[in-house]
Each structure stands twice: as structure tokens, then as C-alpha cells.
Number of protein chains: 4
Amino acid sequence: MSGSTNKKIVGVLGATGSVGQRFILLLSNHPDFDLKVLGASPRSAGKKYIDAANWKQTDLLPSNAADIVVVECKPEHFADCDVVFSGLDADYAGSIEQDFINNGLNIVSNAKNHRRLPDVPLVVPIVNPDHLDILKNRKATQGKKKGFIVCISNCSTAGLVAPLKPLVEKFGPLDILTTTTLQAISGAGFSPGVPGIDILDNIVPYIGGEEDKIEWETKKILCPLNANKNEFDLLTNDELKVSAQCNRVPVSDGHTECVALRFKDRKNVPSVEQVKNCLKEYVCDAYKLGCHSAPKQTIHVLEQNDRPQPRLDRNRDNGYGVSVGRVREDPVLDFKMVILSHNTIIGAAGSGVLIAEILKAKGLI
Amino acid sequence: MSGSTNKKIVGVLGATGSVGQRFILLLSNHPDFDLKVLGASPRSAGKKYIDAANWKQTDLLPSNAADIVVVECKPEHFADCDVVFSGLDADYAGSIEQDFINNGLNIVSNAKNHRRLPDVPLVVPIVNPDHLDILKNRKATQGKKKGFIVCISNCSTAGLVAPLKPLVEKFGPLDILTTTTLQAISGAGFSPGVPGIDILDNIVPYIGGEEDKIEWETKKILCPLNANKNEFDLLTNDELKVSAQCNRVPVSDGHTECVALRFKDRKNVPSVEQVKNCLKEYVCDAYKLGCHSAPKQTIHVLEQNDRPQPRLDRNRDNGYGVSVGRVREDPVLDFKMVILSHNTIIGAAGSGVLIAEILKAKGLI
Amino acid sequence: MSGSTNKKIVGVLGATGSVGQRFILLLSNHPDFDLKVLGASPRSAGKKYIDAANWKQTDLLPSNAADIVVVECKPEHFADCDVVFSGLDADYAGSIEQDFINNGLNIVSNAKNHRRLPDVPLVVPIVNPDHLDILKNRKATQGKKKGFIVCISNCSTAGLVAPLKPLVEKFGPLDILTTTTLQAISGAGFSPGVPGIDILDNIVPYIGGEEDKIEWETKKILCPLNANKNEFDLLTNDELKVSAQCNRVPVSDGHTECVALRFKDRKNVPSVEQVKNCLKEYVCDAYKLGCHSAPKQTIHVLEQNDRPQPRLDRNRDNGYGVSVGRVREDPVLDFKMVILSHNTIIGAAGSGVLIAEILKAKGLI
Amino acid sequence: MSGSTNKKIVGVLGATGSVGQRFILLLSNHPDFDLKVLGASPRSAGKKYIDAANWKQTDLLPSNAADIVVVECKPEHFADCDVVFSGLDADYAGSIEQDFINNGLNIVSNAKNHRRLPDVPLVVPIVNPDHLDILKNRKATQGKKKGFIVCISNCSTAGLVAPLKPLVEKFGPLDILTTTTLQAISGAGFSPGVPGIDILDNIVPYIGGEEDKIEWETKKILCPLNANKNEFDLLTNDELKVSAQCNRVPVSDGHTECVALRFKDRKNVPSVEQVKNCLKEYVCDAYKLGCHSAPKQTIHVLEQNDRPQPRLDRNRDNGYGVSVGRVREDPVLDFKMVILSHNTIIGAAGSGVLIAEILKAKGLI
């Protein structure tokens, strides 16, 4: 597997956690990346990964990762890495990631800590990989030693914006967007994550911080660069109103969202058929760039009344494809639809890996 | 139990089905009603109820019902009944119920068939029992032999309109209402109802006819009488826009709804605190009338972020109370909130029994 | 509620935990007991109970408990208590309970710590309340200041032994007993208890220490006193072989057990009908003593092939009754059957309350 | 895909049902088989498969199957098939399959109807493919026109016998075997299969006919041929006692079984380590024959206390591998262990496909 001169050396921070485990799975036998370094807490450092991690994935622990000796999350251990994937908890991610950047390392992070900085790309790789181009400007103006960070969006935001992108490109901006989410429990990790007694025969109509993340991140992911091309200009509330209601439901993987939206241009509102065709025809840039993990079909438009369903549809295009069903007119806004995305793939670690593939394809790493 | 001269004689149509079983439980040892007649399909007729029914309730089959010999759903068998509760499937309810009415019997029905007739009250007993007053006008103008029918609303509509009633009474009409429902599987009955493989680790983002029911029935339940006081004047789309998105979720009992709403009067929009206080202070008319099953607290306003939850909150006031949580401002409309109601009690059979209690209290039976 | 001169003053240790919350519910409006003291960790002490506890029961927090100011788990705060219920975690129960005993207080404990002491009764109140009589001997030989402790059995053991007791009384001892359990998650508490991701669409075929508890505790609960009537003589492996296999399953409340057993006397093995009749006819001593919570029907024998089921049958006799179904011959041992019991009632706090009722009825408190 | 002269032509009976859908998935892009004919009820016949089937798999409907026009289950439509896979319901399988055999067609059937005939192999392909050799004898003595049938075992039996085979081969026969199963709902199909309300927050301790199947089929799968090598000699109850208790649990895929067993030879009972090593070292004949679907690791022995778990372990070797955990001594018999197998792969359609691969490798088709 190693030896290929084209492969980039990569590492994972927070390697024993649920996001870290997913990174390891997705980076196993990857044509672009060679996983060399696994970082975790001091408690795990010094142990072989197989002994340090409580492996809880449905796939077996890849043998190449099993014997890697875990290190602490310090930049010196990752000095050879072209890119470092961070699955750190928000409690630790802020300072550790900043330390890595300061030491010239490039980070793709699942943590929320740096998402709102105006010069940090917040990227859903099937939506706004063009936001990564800001890194060129940024790198040009900075010393050689400083690395960069790219943030993966919040999981429920990723699925939401996927079908919005082609719609906005084709029919112009939205001015109102509402979503009620039915989110899987895997998004909460597993130590302990959502307690079983809270989610069996039950719904929890609240996820801390989640509604605010959706309402905020959507406005960044869909926004343009500023005039100097070095920062992002968040959409204002006047430009786009977003309202989210978030629920945790008894589903293992796959976030379902009931969405309604309105286009700003009241004179050229498309038809249901135009909306569906636009979604079907969308080919994401990552696929055009030939990225390994990019979905062949970015948006799967389902015609059956009772789809998408998480158990049946979450694995489209290995979890990188997003499913949309029940596109129909809305008595209040323009359209209603149901969106399903795989929260640990396109909503977390999988996005990170595809972002890194794009960075490589664009020559940014 | 019998012998009381005040008790009304009652019967149940569709007694072996899931709604029928609930009627039997709720009518057991009831202070107002004496359950005498159980009607079901010809296949069950002639058997003792205990042998005819596949009893699937968490409470034991009441002993007084066990030995009743089931009859066919024909008016002659119910001639002594002051009121007949119908748990019939929509496939049969239309003609059977009409036949009963024509024979002078009074029906309280859970079926959808007669809900949209302009002279039929569609009643959520903690919301619009005043709609029953139309029966006085109706009875006065008709021959003695003709009975009446009162329809129980659709289950997800019942929970939705409960908190709307006091808000509209106090702050004036709404002009926009949206709801995304997370509905329990008990609402689909049990022969077979929702297949297990469809609902385990899954969401079904569709319930046939449900969205239309919510969007239509809300406009009738909240509407006034016409000028002649003998028909209901449905609210128009111009007066109230309603948009519903309905999901089936892995919950046994209890419908959760994520609701947003806007008041028509843009100059006097209440505050969050005013909304919560209005809900807390609401005392439904059924309680004021002293009805046996009426909730002492109609609306339970919960202050914890993560409530209401179906497993914990569905049984408030024996399932006749409705819980409301997370009342907060909405970036798009005025307010967002989460509503939880017990779909088989206030959303179905329980409503039927309370409606009959109100009919008795008002002297309509 | 207070003021009754007959009521015993009681307290709860570990009051904020899941077992403690159940004790509070069951002691609310109890005819025999007046709940006065609630003990918890130093972190909770000094707060009103309503502020200290994260109340997670399906019934509302009883108003009489809500305003009690929580104290630390120190004997001086419980000096007025006739009996103290302990819902403490095993990590703390050992020393705290011993401290209470040393200070003359009487404990009924759900913790495992003292269960295996030869002079401590391990009691399932519908099975072996006669074991409490040892306290008379014990008290006579000890100084006035020393209190006693009675241990509640492990939850899955409680359900298992309930039908064994009448069988052994009538048909003589068993020599082989096997059980495979399907245990509800509420038994693991809720901070965090069983993680949701471990139990959704899943089985965990292991519960730490549980198999050993069943195999050991069964031999104590069914055992006789020693010759001096002051200690218990555990059954030996030669007398009774017990084999348990324990699983955690996606059920909220109610432990199901698939049991097989063999009688020692190979010449007088009863028939299936005799076994079922014996179970049906059993009336537990607690009921004969007139105890408030004692089940009217101790064992519910179900004849339907597919019963008992936890969701439908766990609440028989308010959770104090045990259901047995599918009694049939076994190709290997004598009989197979399925036993269902409510793990938080007869398997935990409920047993504690009923034990205390028996103690009161027997004049031991 | 077609065109390969080595590929065998195959068809599927009962193609629209849940087993039929699995056959189609597993036969898609198969190196040995070319799926040409799909048979279903007269209601479906004449339609394209994509229109006839309510496709409910987590993988998309293979495009090569989508456009096949469904035919009725009559031999003439399958005349070109080298082997026909039957996913028919037992209500129809008996006569249709016999009709096919009589017309010279070879059947691999998942139905129970022919399993107990003394000259029909009942095969778990990772266990007793040698039983297929009887077909040579049988074919030799019969006219050219008569086909044969091979039966796939019951799903819970398949997982159970997988680890027994190497144990019996190495340590001699068992004389006692007990299993308590926790079976997934996918085994019950989906029209309607297990109702959701029966399985949410619930266990059903009964599966019609299942215990008898396990107790009977185990004795055939582990039995030798008769002296004439043309029939199977079922093990007697004196040779092997089997006792099964079967439960339906809220798991989508994957049967868990809690097993205990005793070896006949009481003087040479192996150690726990010997048992585990025997299981680890087992290589099934299908793998040695180079069959495409044969598991590389037939039995996965897990050392973690809390494994195997269905959600995590059911997909080992694409569902053709069986997981065994918690191997330990049993106080009653010799050993206890937990076995997990994928009920729709090694327990149903997957076994059928692997059996056909073996038939091809052995030159029997």
C-alpha cells in the first residue's frame, strides 16, 4: 500500500473516538493517502491502536491501523503529515488545532471551534469546494510556516445544503428556509452519546447548539467571498432567513430533514418538475475533479411517496450521495421536500476525506 | 356497575380493532356509561368478545366486556344505545354509520368518512366542544327518527389544535401554521399496521392522507358557524395557511409535532412569556362542565430544553392533557414550539369518550 | 397524608438516581410510610429535590418530595427513620450502609454489597419473606443500637425465582435450572446506563456480573436457615445446578427469561397441567399478610403461544405480579417456560417497598 | 456480463418476495451465474420486475434485473435454467417445486416443504456440503428428465450448526444441545412480516414452528448417509437431544443464539481453549473448493466479553461468516457460547447461492 510516491502522508487526531474511527476506516487502502500517525489522549498514547481503542464499527479494524502506536496530539509527532484529520472533541480541538496550524500543519477538522472564523473555509465537499480557493490567497500572504485549517460543516447542515446548491445556482437565491430534523444517534458519538433509555420508544426534541449551527452555517456555506477574496461574507438575515427544529430519533445512522423553502425571485419560481430535474442533473465538482470518494450521483431524487428512508437509503454512493424525496408544492413557502444524508459520511469523517481529496486535486496539499 | 338510572347505554362498532379495544378499556367502570353492545364483522359475530378479539392492550381485557356476545354492525342490535362509538375502518364506516344515523342512532366516530360534511361537528373535546351546539339547531329541524354523528378529529390534528385554541382566543387568529409531525405507530392499528421492518432503525417520511387531513381539519376545528347556525364555515386559505409534513417514527404511543405559527395581527404579537402563560392558564370547557375524563391541566407547559418526550410525557392527565415545550421565537414566523399528545387517547378513542361525556353534560344525549 | 400515628418514617439513600426516583414514586401517598428524608451526594445536598434530581420517570415528581431539601448520606440526618431505602451505587453502598447499620438504622437495600453475608436476608418479597424471620433471632442477640439490613435480590433473579417457589413447595427441590435472559435497559440506570448506539437494532450478549448473581442468589433465596436459625445455608452445586446466560435487549422495562428446569425427584415429576395449576394457585405470603403492594395474583399463567411480552404484560398487578407463559415439556430437562417480570418494580425498588411493608406487618419495624 | 460460456443460467421463483429480492442482489454480477428468469405470482407476471416488485433492500435494484419481464412459476419458462432458486412461500412451494423437479429442473429452495424427505439434502453450505454427494447416487438411478432439489436449512439452524460441525469432527458427537434464540425480524419477510407494534420496545417469545425446525433439522444436518448411500439417517433423540427456545427481538438482521452443549464422550471433554482453537482453525469445504462466496474465515471467535453483537458483527465475510463469542464452561453441560449469524445471508438466500456454487464446483450442475 505504501511506497507510492504520489500518496500523501496523513494523520488523525482524536483517533480513538467515533469520528476518529470513521476516519481510519475511510483512509484504509485509500489511493491518495497513507495513514501514518494516530493521535489521542495521553491515556492512550504509547499503546498500539488496537489496544487503545474500543473499536465499535461494523467493519473490522483495518490491519494497517491496528499496530500503529498511538501518540499524543502534539505537532512534532505529525511533522511528516501533508494533512491531519481532526476528530477531536470541541473541548480540546480549539487549542490543539491552533497549535498544529501554528506549526505549519494543515488540518481538516470535524470540530466546531474554527468554523466561524471569516478566513476559514467551512466546506461540504459536494457543495462548496470552491471555498477552498481562498486558501491560495491566504497562503500567498502568509509565512511558509503557517498551516491552514478547513472545517467540515455540522452534520445536519451538510445534508441540508446539498440540494440547495444546485437550486440556488439555477434558480437564484432563497430567502426563506425551514428544516425540521430527525437525527440519528451515531452523530452523538459513543462515550456515552445518547443514553439508550432516552431514545428507545422515544424522541428527544432537542440537540444542544444544533439549531443555531444549522441557521448559521447555512449562511456561510452558501455565501460568496468578500471583495478582497480573502474572507467569507456571511449571508445576512435579510438575505436568507433560516429556521431549524432539531430532534434526536431512534435511528442509528442517517439524518432525515423535512424542509421547506422559498426563492427570492417571486416572478420566476420554478415548477416541481424543474426542481427535480435540477437536482437529478447536478454533478458536484468533486466528481468532475475525479476525486476517489466523490459520488457519481450527488443527489438521488426518489419518486416513491414514502422515501427516502434512513435504513434503506443512507448508503447511496457509499454515504456520499444525498437522497431527496417528496418534492412538492408548499401552501406556505414554495416547496417542501425530505432530505436524507449519512451523518457520519457526508456529515462528518467522509466529508473530511473528500475535502482532502479535493485539496490534493487542486494542488493545495 | 349497572343499575344506575343515570347511566347512558352505549355500544361500540369495530369493537375488535385497535380503536375499538381502546373504547372498551376507557368505557370500563365509567361513571356515565354502561357498555352493553359490541359490534364487529360477521366473522366475529356470535362469539364472546374474549374469543373474537385478539386483545393487544397493556391493560387486561375488562371482565364486563369479555363475555359480551359480539353482534354484527346493524342498527337493530344497537337500538337501546344512547350513543354508539365507532372505531370502524374507513372502508366500512361510511355506509354503516349512515345506516345507524338513519335509524335514529347517535354516533361518535373515529372514522374520517363524515368529517367534512358541513353540518357535522368535528370535535377535539378539549378545544371546540361548542361546535356540538349545532346539534341543537340540527335536531330541531329534523324528524325524530334521525340520529346525529359527531366526528373525532384526526389524531395529529387533535394535538396540534389544542394549544392553538387558547392562543387564538387571547391573541386573535393565526394566518400561518406549519407542523412537522413525528407520529407513533399505534396510530396505524395492528392488523398489520406499520411493518416492523419498516420502522426499526428507520423513519417513514409519509403517512397516506395525513398531511391533507391536518391542513383541512385545522381549518374546520378553528372555524365559526355560518349565519344560520346550522353549518360550519371552513376557514379559507387566505385566512389561514397550514402546511404539514408527516413522518412515522419508532415510537409506540405519542405524537410529537414541531410547530411554527404566525399571528394575523402583526401589531400585537405577544411575547414568549405571554404565550406560555396563556397556555398554562387555559382550562378547557370539558373540565368546567365537570366531565369525568377532562384533564385538570389541559396544556402542560414544560420548561426543560429537551421536553416534551413521548415516553415520559404522553400520559399526562391520563392521556387527555397535551404537553408543550420549547416555546421560542422563530426567525421566519412568530413562534416555534414542540407539542406532544397521546394519539390513542386525545387523538382517538379517548376523545370519543370525552365528547360523549360532554354530550351528556349538555343534555344532547 | 402525614399525622397518621401508624405511619413509619422513611428515608431514601441515593435519591437522585434511577432506583431512588422509583422509591420516591412508590412511597408517594403510601398508607404505611411517610417519606421524610432524601439523601444524595454532597453535590446535591442542600438543594431542593426538584432542583437536585434530573427526574426521568413517566409519572410526575410527587409534590411532597419536590420540596424536600436533600441531605448527605449520613446517619445523623436519618435518625428519625424507621427504615431507610437504599438505591446507592455499589461503589458507595458498602461503607455508607454499614455506617447506617452501626448507628442503629434499618436498611432495605437494592445494592449488591451485603447480599452474600450469611446473616443477611436476601429477599424477593413474593417468594421468601420467611427469611426475614431471622432478624428476630439476630436482633435478640445484639445490642440495641445495631440496625439490620435486608437486601433486595438482583432484578433478573427476582423474576426467575418467583414461579420456582410454589413449584418447589409442591413438587420438591429442583436439581437443574437454566435461564437465558433478555433484560430491559432500565435496569442499567440512566447516567448513562446502556448507550443508545449499543442497543438500537442490537443485542448485547453480556451484563457484567449478572450471570454469577443469578447462579449464586438463586441458591440463597431458595435455601433454608442453618440449625441455629441465625444464618442461611446456601444450596450447594450438588443440590442445585444453575446456569445463566444474560443479554441486554432493546426493551425499556421488563425482563424476559427463557427457563428450563428439572425436579430432583425423578419418580414424581408433575405434568404440564400440574405445573400450571400450581403456579395459578400460588398466593404469596405478602398478600396474605394484607400488604398494600402485594399482588393479588402473584403468578399470571398465560395460555397464548406468544405471551408473555414485556410491553403488554410487565404491568400486571402494578408490576408486582410475574407472568409465565409457554409452559411445556423440554427434551433435555423437565419443563421449559418463559417468565416476565418488571425489573424496576418486583426486580428493584418495588421489592424494597414491599419488603418494608412485610417488616411492618411482622412487627420487625 | 453475459456471454461467458462457463456461466450457468439461473432463475428465481418467488422473485418479488423478501427472499427472492435477496437472491437477485446476490446473483447480480455473479461470476458463476447469469440471472435470466424471474418467476412470481400471476398478478406480477407480464410486468417488468422493477414495476412488479416493491423493492425494499438497502442496495439498489440491480439494473440487469430491473427490466426482466416477470413470468409465472411454470417449468416451461425456466427450461433453460441450470438451477432455479426458490424463495417461494411454503403455501406454494410444495407443488410448484415438485412440478419443476418432475420437469427435469434442479432446485435450490429456501422453503421448508421438502426438507424432511430422506433423499433430499438439507444443506448449510459452510457445514455439510458433503451431503450433496448423495445427488450422484440419486441421479445415477433415475431417468434423465428428473431434476433434483436441495433444501436450504431454517435460518436459526444454519447459524447454530456452523460451529458445531468442526467441534463434532474434532471432539466427537454431542449428546445434548440447547439454544435460546434472539431472532431478527427480517426473517419474517415484509408483507407484512412482524408488525411494528409487536416488536417496538418488546420481545415476542414465540416463532411458529421454529423450535421444532431447530430440534429436527440439526439432527439431519449433522447425520450420516444410510448404508446404501442414497438416504439420510436422522440422528435419534437417544443420540442427540436438542432443545430450542425461540424469540423475536427488535433487531433488523442477525440471529443471536445462546447455546449450551455437551459432548458424548465424557472422558475426553476438550478445554475452553481447545474449543476456541478448533473453531478458529476451521476452514469450510466451500472455501477449499474456491467458491466465490465462501467465507475466508468461517468462524470468527471473539474474545471481548460483550460480543458478538448483531449490529456490529453480522456482516463478517459478507454475511457468510459466523461469529462465536463468550465460549466458557457451563455449570450444567460442558460449554456455553453465543453464536451470531446473518439470517438472510448464511441463513437463507446466501446459503442458496453458495450451495449452487458448490454444485457447480462439484460438477453436479
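What counts, and at which threshold
- Residues numbered from 1 in each chain as written.
- Chains lettered and ligands numbered in written order.
- Predicted model: local features only at pLDDT ≥ 70, side-chain atom pairs only at ≥ 80, totals over all residues.
- Heavy atoms only, no water.
- Domains from an automatic or database assignment.
- Contact = heavy atoms within 4.5 Å.
- Buried area = accessible area lost by both parts, 1.4 Å probe.
- Salt bridge = Lys/Arg side-chain N within 4 Å of Asp/Glu carboxyl O.
- Polar contact = N/O pair within 3.5 Å; in protein donor to acceptor, adjacent residues only side chain to side chain.
- Helix = DSSP H or I, 4+ residues; strand = E, 2+ residues; numbered from the N terminus.
- Nonpolar A, V, L, I, M, F, W, Y, C, P; charged D, E, K, R; others polar.
- Expected span 1.5 Å × (residues − 1).
- Bend = angle between axes of the 7 residues up to and from the residue.
- Buried < 20%, exposed > 50% of the residue type's maximum accessible area, 1.4 Å probe, protein only.
- Least-squares fit on C-alpha atoms with pLDDT ≥ 70 in both.
- Phe/Tyr/Trp six-rings, centres within 6.5 Å; stacked < 30°, edge-to-face > 60°.
- UniProt positions renumbered as here; feature names shortened; annotations may be inferred.
- Pairing = 2+ DSSP bridges.
- Axes fitted to C-alpha atoms, helices over the stretch in contact; angles between N-to-C directions.

**With respect to the domain arrangement of chain A**
All names here are of chain A.
Reasoning step 1: Domain boundaries assigned for chain A yield domain 1 (8–154 + 349–361) and domain 2 (155–341).
Reasoning step 2: Averaged C-alpha coordinates put domain 1 and domain 2 at centres separated by 24 Å.
Reasoning step 3: With 39 residues of domain 1 at the contact, the number on the domain 2 side is 37 residues.
Reasoning step 4: Summing both sides of the interface, domain 1 and domain 2 together bury roughly 3,000 Å²; the carbon and sulfur share of this comes to 62%.
Reasoning step 5: For domain 1, the biggest contributors to the area lost against domain 2 are Arg 116, Ile 126 and Asn 154; these three give 27% of the whole.
Reasoning step 6: Residues Glu 217 and Arg 115 are paired through a salt bridge, measuring 2.8 Å at the closest nitrogen-oxygen approach.
Reasoning step 7: At the boundary of domain 1 and domain 2, one finds 18 residue pairs in polar contact (both at pLDDT 80 or more).
Reasoning step 8: Among the secondary structure elements, those contributing two or more residues to the side of domain 1 that touches domain 2 are α1 (18–27), α5 (134–140) and α12 (349–361).
Reasoning step 9: When residues in the side of domain 1 that touches domain 2 are grouped by element, the largest group, 7 residues, is from α12.
Reasoning step 10: The residue makeup of the side of domain 1 that touches domain 2, split by class, is 17 nonpolar, 14 polar and 8 charged.

**Digging into helix α6 (residues 155–171) of chain C**
All names here are of chain C.
Reasoning step 1: Its 17 residues place the ends of α6 25 Å apart at the C-alpha level, agreeing with the 24 Å of an ideal helix rising 1.5 Å per residue.
Reasoning step 2: Bending of α6 peaks at approximately 30° at the position of Val 161, with proline Pro 163 no more than four residues after it.
Reasoning step 3: Within α6, 14 of the 17 residues are buried, leaving the element largely enclosed by the surrounding structure.
Reasoning step 4: Positioned one or two residues after α6, Gly 172 has a phi angle of 85°, which is positive.

**Thoughts on the side chain of B:Lys220**
Residue and element names in this part refer to chain B.
Reasoning step 1: Counting through the fold element by element, Lys 220 comes out in helix α8 (residues 210–221).
Reasoning step 2: At a separation of 2.7 Å, a polar atom in the side chain of Lys 220 contacts the main-chain carbonyl oxygen of Val 120.
Reasoning step 3: Not counting chain neighbours up to four residues away, the residues in contact with Lys 220 comprise Arg 115, Arg 116, Leu 117, Val 120, Leu 122, His 131, Phe 232 and Leu 234.

**Here we look at the relation of the copies chain B and chain C**
Two copies of the chain are present, and they differ by a rotation about an axis and a shift along that axis.
Reasoning step 1: Each copy of the sequence occupies a distinct position, and chain B is placed on chain C by a rotation of 180° and an axial shift of 0.0 Å, giving an RMSD of 0.0 Å. Here the transformation between the copies is reduced to the relation of a two-fold axis. Across chain B, the rotation axis passes nearest the C-alpha of B:Asp201, at a separation of 3.1 Å.
Reasoning step 2: Both copies present the same face, since 100% of the interface residues in chain B are matched by interface residues at the equivalent positions in chain C.

**Considering the environment of B:Lys267**
Reasoning step 1: Summarising the element assignment, B:Lys267 is placed in the loop between β10 (255–263) and α9 (272–281).
Reasoning step 2: Remark: the alpha-carbon pair of B:Lys267 and B:Lys296, spanning 29 residues in sequence, is separated by 33 Å.

**Some details on the relation of the copies chain B and chain A**
Reasoning step 1: Mapping chain B onto chain A calls for a screw motion: a turn of 180° about the axis and a shift of 0.0 Å along it, with 0.0 Å RMSD after fitting.
Reasoning step 2: Same-surface contact between copies: 100% of interface residues of chain B are shared with the interface of chain A.

**Description of the environment of A:Pro121**
Residue and element names in this part refer to chain A.
Reasoning step 1: Mapped onto the elements, Pro 121 comes out in the loop between β5 (107–109) and β6 (122–123).
Reasoning step 2: Residue classification places Pro 121 among the buried positions, given a relative accessible area of 0%.
Reasoning step 3: Distance in space between the C-alpha atoms of Pro 121 and Gly 321 is 21 Å, their sequence separation being 200 residues.
Reasoning step 4: Ignoring sequence-local partners within four residues, the contact set of Pro 121 consists of His 131, Leu 132, Ile 134, Leu 135, Ile 149, Val 150, Cys 151 and Phe 232.

**As for the packing of aromatic side chains**
Reasoning step 1: Scanning the entire structure with this criterion turns up 24 aromatic pairs over all chains.
Reasoning step 2: Seen from their ring centres, C:Phe23 and C:Phe85 are 5.1 Å apart, and the 35° between their planes marks the pair as tilted. Here C:Phe23 is found in helix α1 (residues 18–27), whereas its partner C:Phe85 is found in strand β4 (residues 83–86), with 62 residues between them in sequence.
Reasoning step 3: Through a chain of ring-to-ring contacts, three or more aromatic side chains come together here, namely A:Phe23, A:Phe33 and A:Phe85.

**Points about the UniProt feature "active site" (unreviewed entry) in chain A**
Residues and elements named next belong to chain A.
Reasoning step 1: Under the UniProt annotation, "active site" (unreviewed entry) lies at Cys 155 and His 255. These annotated residues cover 101 residues of sequence, and their C-alpha atoms all fall within 8.2 Å of one another, placing them together at a single site.
Reasoning step 2: If you trace the backbone, Cys 155 turns up in helix α6 (residues 155–171).
Reasoning step 3: When its relative accessible area of 14% is taken as the criterion, Cys 155 is described as buried.
Reasoning step 4: Take His 255: it is sitting in strand β10 (residues 255–263).
Reasoning step 5: Classification of His 255 by relative accessible area gives buried; the value is 0%.
Reasoning step 6: Leave out the neighbours within four places in its chain, and His 255 touches Cys 155, Ser 156, Leu 182, Gln 183, Ala 184, Ile 339, Leu 340, Ser 341 and Asn 343.
Reasoning step 7: At a separation of 3.3 Å, a polar atom in the side chain of His 255 contacts the side chain of Gln 183.

**A word on the interface of chain B and chain C**
Reasoning step 1: Taken residue by residue, the interface counts 13 residues in chain B and 13 residues in chain C.
Reasoning step 2: When the two sides are added together, the surface that chain B and chain C hide from each other amounts to roughly 1,200 Å², 51% of it contributed by carbon and sulfur.
Reasoning step 3: Across the chain B-chain C interface, the total number found is 2 residue pairs in polar contact (both at pLDDT 80 or more).
Reasoning step 4: Counted by class, the side of chain B that touches chain C contains 4 nonpolar, 3 polar and 6 charged residues.

**So, the interface of chain B and chain A**
Reasoning step 1: Taken together, the contacts link 47 residues of chain B with 47 residues of chain A.
Reasoning step 2: Together, the buried faces of chain B and chain A total about 3,600 Å²; carbon and sulfur atoms form 54% of this surface.
Reasoning step 3: Summed over the shared surface of chain B and chain A, the result is 8 salt bridges.
Reasoning step 4: Put simply, A:Arg314 and B:Asp201 hold a salt bridge, and the shortest N to O gap is 3.1 Å.
Reasoning step 5: Linking chain B with chain A are 30 residue pairs in polar contact (both at pLDDT 80 or more), by the criterion used here.
Reasoning step 6: Top contributing element to the side of chain B that touches chain A by residue count: strand β9 (residues 241–248) of chain B, with 7 residues.

**Here's the deal with the sheet that holds strand β12 (residues 322–329) of chain B**
All names here are of chain B.
Reasoning step 1: Strand order in this open sheet of 6 strands is β9-β8-β10-β13-β12-β11, and the pairing throughout is mixed. Edge positions in the open sheet fall to β9 and β11 (299–302), since each of these has one partner strand only. Pairs of neighbouring strands in the sheet enclose a mean axial angle of 20°, with direction left out of account.
Reasoning step 2: Pairing analysis gives 7 bridges linking β10 to strand β13 (residues 335–341), with the strands arranged antiparallel. Note on β13: the bridge partner recorded for Ala 260 is Lys 336.
Reasoning step 3: Here α9 sits on the sheet in contact with β11, β12 and β13, set at roughly 170° to β12.

**Topic: the sheet that holds strand β7 (residues 149–152) of chain C**
Reasoning step 1: The strand order across the open sheet built from 7 strands is β3-β2-β1-β4-β5-β7-β6 (chain C), with neighbouring strands paired in parallel fashion. The open sheet is flanked by β3 (71–72) and β6 (122–123) of chain C, the only strands paired with a single partner.

**Comments concerning the UniProt feature "domain: Semialdehyde dehydrogenase NAD-binding" (unreviewed entry) in chain A**
Reasoning step 1: Summarizing the sequence annotation, UniProt attributes the feature "domain: Semialdehyde dehydrogenase NAD-binding" (unreviewed entry) to residues 9–135 of chain A in the numbering used throughout.
Reasoning step 2: Taken end to end, residues 9–135 of chain A has its terminal C-alpha atoms 20 Å apart, with 26% of it in helix and 19% in strand.

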